[in-house]
Amino acid sequence: MNKETLRFTYKCSECGKSYAIAPGVYTCPDCAKKQEANRPLRGVLDVQLFGLAPESRDVRDFLPVPKAFFPAIPVGNTPLWEPERIRKKTGFNNLFIKDDGLNPTGSLKDRASYLVAAFARQHSIKSVIVASTGNAASSMSGVGAAAGLNVTIFIPKTAPEAKMVQSLQYGARVILVDGTYDDAYELSMEFAAKNGGLNRNTAYNPLTIEGKKTVALEIFFQLGRVPELVFVPVGDGVIISGIFKGFRDLLQLTLADRMPTIVAVQAEGSSAICRAMKVGGFNEPQPSDTVADSISVDVPRNGIHTLSNLKKYHGKCITVSDGEILHAQKQLSSNAGLFAEPAAATAFSGFLKLKNELDKAADIVVLSTGNGLKDIVSARKGVTLPASPVKTLGEIR
Ligand SMILES: *Cc1c(COP(=O)(O)O)cnc(C)c1O
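K.L.:
Please set out unusual backbone geometry residue by residue, giving values where relevant.
P.N.:
For A203, which is not glycine, the phi dihedral falls at a positive 75 degrees. With respect to the helices and strands, the residue A203 is situated in the loop between β9 (198-199) and α7 (206-212). The buried category is assigned to A203, whose relative accessible area is 0%.

K.L.:
Any chance you could break down the site of the ligand for me, citing the residues and the numbers?
P.N.:
Around the ligand, a shell composed of 16 residues is seen, among which K109, G235, D236, G237 and T369 lie nearest. At 2.8 Å from an oxygen atom of the ligand is found a side-chain nitrogen or oxygen belonging to N135. In this structure, I239 approaches the ligand through a main-chain N or O atom, which is 2.9 Å from an oxygen atom. In isolation the ligand has 380 Å² of accessible area, and contact with the protein removes 97% of it. Per-class residue counts for the shell around the ligand are six nonpolar, six polar and four charged.

K.L.:
Quick one: what's the story with the sheet that holds strand β11 (residues 261-267), residue by residue and with numbers?
P.N.:
In space, the six strands of this open sheet follow the order β4-β5-β13-β10-β11-β12, with mixed pairing throughout. If you trace the sheet from one side to the other, it starts and ends with β4 (80-81) and β12 (316-320), each paired once. Pairing analysis gives two bridges linking β4 to strand β5 (residues 95-99), with the strands arranged antiparallel. Residue pairing across strands places W81 opposite I97, the latter belonging to β5. Against the sheet, helix α8 (residues 214-223) contacts β4, β5 and β13 (364-368), and its axis sits at roughly 135 degrees relative to β5.

K.L.:
Lay out the packing of aromatic side chains in plain terms, naming residues and giving numbers.
P.N.:
A full pass over the atoms with the stated rule returns ten aromatic pairs. Their ring planes at 10 degrees and their centres at 4.6 Å tell us that Y26 and Y204 sit as a pair that is stacked. Here Y204 lies in the loop between β9 and α7 and Y26 lies in the loop between β2 (18-19) and α1 (29-32), a separation of 178 residues in the sequence. Comparing Y26 with Y204, the two get one shared label, buried. Plain terms: the ring middles of F220 and F221 are 5.7 Å apart, the flat faces sit at 55 degrees to each other, and that makes the pair tilted. Classification of F221 by relative accessible area gives partly exposed; the value is 22%. Here a set of aromatic residues connected by ring pairs shows up, and it is made of F92, F231, F348 and F351. The aromatic ring of F96 is capped on one face by R87, whose charged end is 4.8 Å from the ring centroid. Between the NZ or CZ atom of R301 and the centre of the ring of Y185, over which it lies, the distance is 3.9 Å.

Rules and cut-offs
Residues numbered from 1 in each chain as written. Predicted model: local features only at pLDDT ≥ 70, side-chain atom pairs only at ≥ 80, totals over all residues. Heavy atoms only, no water. Helix = DSSP H or I, 4+ residues; strand = E, 2+ residues; numbered from the N terminus. Buried < 20%, exposed > 50% of the residue type's maximum accessible area, 1.4 Å probe, protein only. Near = heavy atom within 4 Å. Polar contact = N/O pair within 3.5 Å; in protein donor to acceptor, adjacent residues only side chain to side chain. Areas by Shrake-Rupley, 256 points an atom, 1.4 Å probe, with all protein chains shown as cover. Nonpolar A, V, L, I, M, F, W, Y, C, P; charged D, E, K, R; others polar. Pairing = 2+ DSSP bridges. Contact = heavy atoms within 4.5 Å. Axes fitted to C-alpha atoms, helices over the stretch in contact; angles between N-to-C directions. Phe/Tyr/Trp six-rings, centres within 6.5 Å; stacked < 30°, edge-to-face > 60°. Lys NZ or Arg CZ within 6 Å of the ring centre and 35° of its normal.

What follows is the structure, encoded as structure tokens:
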């Protein structure tokens, strides 16, 4: 029985320098000096852990904030589906879907918000600021409501209405930005610098990456082994880096003996990380355009960190078209009963695209990151709406 708890520091993912985990520490000050405009963040910090593996399988015991500070909202412990009909149809009998759309606010973002909220409570910080395409905002708003925090969110005016209304319901201050997610991000950074409060911007706050690692820990504990492949939808590259981190921690703690192959799946119209994989770095951003709003980013904030993880652990990066995403969304809904938003179905779309090259006996986990009800406008594109309403059976065609 190991009674000793883990200890944690921040470590720069670029230069390796260590920093204490404390309020006001975001990116490595040395590497941040190399920051260029319109490029991914420099000096993103990883959490490094020290000590022996906890006996417990409560994933909070693997996080750098004591359990007592986490708010009373049941984040994580999402089901690992065994989709029988999709298994039969595709011939992959060890296909699993980790359904993070079943988190309290309907997306995987809750894992990051949960840790950020716990950190805020640990340090008696009352206000939190975040820019988002929609899910990080509604997530921080909901988890923040449970934690008693004042949450200010910056979202593009084009964000799906459900995500905005959800945030308002949770009591957040919502600032609609006349521009893209990237514009919302810049404005939120200015706002936070001026008004103080904890910044929850993805990748900039290292706890967003660390919080998301819990999905990897859960996959490992639920499956009882490391899968061969994990398919992940990628926008800013924080979820995927969280997954790399989770498996790396399991390896370091000798609970696991290898890393899985991690496949990043991006929308063709928002594929900065796949492009960087090909040419070895990030060039001038291209305006993103995809039906999958949650992965629509011009400048992937965690691009450099993600690229280095993909290279180090032999990951892959593939793209899928909007048509393929909407097709995958409909396949998941109608064959498994799992209704995922387009960004979330992107990982399944990647699996469908690669499946002919894969070993049918392999353990494959497809990550579904958000609930389909969050974006009805996009989901409508994948179905045929019923004909005009009827009053009698005779009118049914
Ligand atoms: C945020 C999000 C993603 C992408 O995560 P990144 O960390 O930006 O790569 C994928 N799917 C959903 C539903 C999301 O909300």
